[in-house]
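What the coordinates show
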Amino acid sequence: MFDAVAARTLRHLFSASLLLLLFLISTGAQSAPREPASGLLFAAIGDSGTGKKEQFAVGQAMALAHETSPFELVLMLGDNIYGGGGSKRMVEKFEAPYRALLTRGVRFQASLGNHDAGKADEETNYPFFNMGGRRYYTFTRGEGLAQFFALDSSKMDREQLAWIEKELTASKARWKIAFFHHPIYSSGRTHGSDRRLRELLEPLFLRAGVQLVLSGHDHFYERLKPQKGIAYFVSGGAGKLRRGDINRKDPAFAFGNDQIHHFMLFSIGRDAISFRAIDLKGTEIDAGTIAHPTMN
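Residues numbered from 1 in each chain as written. Predicted model: local features only at pLDDT ≥ 70, side-chain atom pairs only at ≥ 80, totals over all residues. Heavy atoms only, no water.

**Thoughts on the layout of surface pockets**
Of the voids in this model, the largest pocket is the one considered here, and its volume is about 230 Å³. Lining the largest pocket are 19 residues, and of these Pro-226, Ile-230, Ala-231, Thr-289 and Ile-290 sit closest to its centre. Looking at the lining of the largest pocket, the elements that each hand over two or more residues are strand S8 (221-224), strand S9 (231-235) and strand S13 (284-291). Per-class residue counts for the lining of the largest pocket are 12 nonpolar, 5 polar and 2 charged. (1 Å grid on protein atoms, 1.4 Å probe; cavity = no way out; pocket = protein on both sides within 12 Å on 5 of 7 lines; lining within 4 Å. Points joined across faces, edges and corners; volume = space filled by probe spheres on them. Helix = DSSP H or I, 4+ residues; strand = E, 2+ residues; numbered from the N terminus. Nonpolar A, V, L, I, M, F, W, Y, C, P; charged D, E, K, R; others polar.)

**A word on helix H3 (residues 87-95)**
Among all positions of H3, only Met-90, Lys-93, Phe-94 and Glu-95 are buried. The arc that holds every buried residue of H3, seen down its axis, measures 155°, which confines them to one face. Buried residues along H3 sit in contact with helix H2 (53-68), strand S2 (73-76), helix H4 (99-103), strand S3 (107-110) and helix H5 (120-124). (Buried < 20%, exposed > 50% of the residue type's maximum accessible area, 1.4 Å probe, protein only. Arc of directions from axis to C-beta. Contact = heavy atoms within 4.5 Å.)

**As for the pattern of salt bridges**
Per the stated rule, a full pass over the model turns up 10 salt bridges. For Arg-104, the salt bridge is made with Glu-67, and the minimal N-O distance between the two is 3.8 Å. With Arg-104 in the loop between H4 and S3 and Glu-67 in helix H2, this residue pair connects regions lying 37 residues apart in the sequence. Of the residues examined, Glu-67 reaches a relative accessible area of 43% and is grouped as partly exposed. The partner of Glu-165 in a salt bridge is Arg-207, with the nearest N and O atoms 3.4 Å apart. In this pair, Glu-165 sits in helix H6 (residues 158-170) while Arg-207 sits in helix H7 (residues 195-208), placing the two residues 42 residues apart along the sequence. A residue is classified by how much of its surface remains accessible, and Glu-165, at 37% relative accessible area, is partly exposed. Here the salt bridges share partners, and the residues they tie into one network are Arg-135, Asp-152 and Asp-157. (Salt bridge = Lys/Arg side-chain N within 4 Å of Asp/Glu carboxyl O.)

Scope: geometric values only; no functional claims are made or implied.
Pasting the structure below:
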């Protein structure tokens, strides 16, 4: 008798579980799928370090995006800490806004902006910025799939230029990605393109085959038209925003948004990089794909 009762109970439980599963699928209540782990996922933020509610809102949106797109890396495009330095400021303007990501083991890699210059030594030695005491540095990810080059665009001296040329030339990575604060292409009315920096860097990028360049400084989102085969983005809206600052008549302008704070997500594959710009509500404001030059 006991075995028969147990068998009936198990059959009822199985039937109920099956019905519940079918109901969840039909109503879309299943958990959101995670992106494939085969690609290299990373995020980018610029001009973030205000410690104000907008920065916290971007941090929350990033943490939510991380649940379905588990990026392992965040590139910081300068102006990481506005105002004075010190451990208290680092907590208020970095650790607190991104605590959820730091707890999950997401690694931040910083580059210096003009508002970081007065405390460069403090920032380059700050453990969570992973700069190793250097103003400029390089690292690889994805077993050599991508190599990243963090530059100090506020102090582009001969020593740094020689280092950049040497490291770019020696790189065997399939994707070469440079990130720094001052954009060499931008339609911003306040700052815009740093033409002197362009004269110094662009020839090096072209000779070495750099495919992607990320900058901040102008407080908005912009995707530029590819310049001589290189994709350029301005992402300076993770803490501050300068509304109405985009000059859409600039010849290099492709798409932009100067009305909303945002961050960027990238997925690197062997043959292409997909990108997304995402606002505080998790809505895509721009998206697309960058094909590797060998695929054209």
